[in-house]
Amino acid sequence: DAQESRGLGDVYKRQVYNATRTQGLAASYAQRLTSAGYTSVDAKNWSGYGIQSSTVLYNGSANKAAAEAVGKELGFPVMQTPNLQVNGVAVVVTG
């Protein structure tokens, strides 16, 4: 399975957040990840601090590889955010 070969089993939760007022934006990116073979993907609205461009966030070194793989899949930069309140990977979409 492609997911296991990337070391991205169900251990990693992926949250896709919409940081805009565009309805369905997070859901469309969540679907892209699901279509690429990722599981445990949820779409939600972002209520955190201001993000200027679409970014993949992670909170600990254990989530770095998963965040980098998601960033590569979506073409988004990846940034470690120690205070992130997500256990796993958060994709914040701005457009």
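It should be noted that the structure appears before, not after, this text.
Residues numbered from 1 in each chain as written. Predicted model: local features only at pLDDT ≥ 70, side-chain atom pairs only at ≥ 80, totals over all residues. Heavy atoms only, no water.

Visitor: Honestly, the pairing of strand S3 (residues 55-58) in this entry has me stumped. Any pointers?
Guide: In summary, the side chains of a regular strand alternate between the two faces of the sheet. Both faces of S3 are covered, namely the face carrying Thr55 and Leu57 and the face carrying Val56 and Tyr58. Examined bridge by bridge, S3 and strand S5 (residues 88-93) share four bridges and lie antiparallel to one another. Counterpart to leucine 57 in the pairing with S5 is alanine 90. As defined by bridge partners, S3 adjoins strand S4 (residues 78-80) across three bridges and the pair is classed as parallel. Opposite valine 56, over in S4, you have valine 78 as the bridge partner. (Buried < 20%, exposed > 50% of the residue type's maximum accessible area, 1.4 Å probe, protein only. Helix = DSSP H or I, 4+ residues; strand = E, 2+ residues; numbered from the N terminus. Pairing = 2+ DSSP bridges.)

Visitor: I keep staring at the packing of aromatic side chains and nothing clicks. Help me out?
Guide: In this description, a pair of aromatic rings is defined by centroid distance and the angle of the planes. In this structure the tally under the stated criterion is three aromatic pairs. Centroid distance tyrosine 17 to tryptophan 46: 5.2 Å. Interplanar angle 70°. Geometry classified as edge-to-face. You can see tyrosine 17 sitting in strand S1 (residues 13-18) and its partner tryptophan 46 sitting in the loop between strand S2 (41-45) and S3, a full 29 residues away along the chain. Given the relative accessible area of 10%, tyrosine 17 is considered buried. Overall, tryptophan 46 belongs to the buried group, its relative accessible area being 18%. Ring centres of tyrosine 29 and phenylalanine 76 lie 5.4 Å apart, and the angle between their planes is 45°; this geometry places the pair in the tilted category. Remark: phenylalanine 76 occurs in the loop between helix H3 (64-74) and S4 and tyrosine 29 occurs in helix H2 (residues 25-35); sequence separation between them is 47 residues. (Phe/Tyr/Trp six-rings, centres within 6.5 Å; stacked < 30°, edge-to-face > 60°.)

Visitor: For this particular structure, what's the right way to read unusual backbone geometry?
Guide: If a residue is not glycine, its phi is most likely negative; likewise, a peptide bond is most likely trans. Residues other than glycine seldom take positive phi values, yet serine 40 does so here, at roughly 55°. Turning to its location among the elements, serine 40 is positioned in the loop between H2 and S2.

Visitor: Hey, could you run me through the nonpolar core in this one?
Guide: The tendency in soluble globular proteins is for nonpolar side chains to be buried side by side. Among the nonpolar cores identified, the biggest contains 19 residues, and Val16, Leu33, Val70 and Val91 are the most heavily contacted of them. Where this core is concerned, the elements lending two or more residues are H2, S3, H3 and S5. Aside from chain neighbours lying at most four places away, what touches leucine 33 is Val16, Tyr38, Val41, Val70, Glu73, Leu74 and Val91. (Core = buried A, V, L, I, M, F, W, Y, C linked by side-chain atoms within 4.5 Å. Contact = heavy atoms within 4.5 Å.)

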